[in-house]
Amino acid sequence: TVPVPTVKGNCPPGAAETVPNDCPAWDAHCACHGPVMNRGFVAWAAGKTGPDFFVNDYRRPAEWWGTQHTVWGIITDDASLT
């Protein structure tokens, strides 16, 4: 079991006001702790079965994920995303 952290970092400016977070019942106070995922972002998500490591490959910002993922890297080489 992965413990729910008490400090998740700062929400990027404007994100908390513009992107809704649909917090799951098991983490009702998830709030904002990362940017909206863009293509190439490398992130970590706790999830119900996590932690999960993933790379976002959507071509538009993934606002439907909210701002609940911890982004810790960005793939900037387009060839790596094909």
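Everything below is about the structure shown above.
Notes on the structure follow.

**Some words on the pattern of salt bridges**
Applying the stated rule across the entire model yields 1 salt bridge. Measuring nitrogen to oxygen at the nearest pair gives 3.1 Å for the salt bridge that ties Arg39 to Asp57. Residue Arg39 is found in the loop between helix H1 (15–18) and strand E1 (41–45), and its partner Asp57 is found in the loop between strand E2 (52–55) and strand E3 (70–74); the two are separated by 18 residues along the sequence. Since its relative accessible area comes to 22%, Arg39 is described here as partly exposed. Taking relative accessible area as the criterion, Asp57 reaches 43% and is therefore assigned partly exposed.

**A look at the nonpolar core**
One finds Met37, Phe41, Ala43, Ala45, Phe54 and Ala62 forming the largest nonpolar core, which totals 6 residues. Among the elements that make up this core, the one with the highest residue count is E1 (3 residues). In contact with Ala45, other than residues within four places in its own chain, are Gly50, Pro51, Asp52, Phe54 and His69.

**A closer look at the sheet that holds E1**
An order of E2-E1-E3 is seen for the 3 strands of this open sheet, with the pairing classed as antiparallel. Both edges of this open sheet fall to E2 and E3, since each of them pairs with a single strand only. Across the sheet, the mean angle from the axis of one strand to that of its neighbour is 25 degrees, orientation sign disregarded. Here 4 bridges tie E1 to E2, and the two strands are oriented antiparallel to one another. Opposite Ala45, over in E2, you have Asp52 as the bridge partner.

The rules behind these values
Residues numbered from 1 in each chain as written. Predicted model: local features only at pLDDT ≥ 70, side-chain atom pairs only at ≥ 80, totals over all residues. Heavy atoms only, no water. Salt bridge = Lys/Arg side-chain N within 4 Å of Asp/Glu carboxyl O. Helix = DSSP H or I, 4+ residues; strand = E, 2+ residues; numbered from the N terminus. Buried < 20%, exposed > 50% of the residue type's maximum accessible area, 1.4 Å probe, protein only. Core = buried A, V, L, I, M, F, W, Y, C linked by side-chain atoms within 4.5 Å. Contact = heavy atoms within 4.5 Å. Pairing = 2+ DSSP bridges. Axes fitted to C-alpha atoms, helices over the stretch in contact; angles between N-to-C directions.

Honestly, it's all geometry; don't read function into it.
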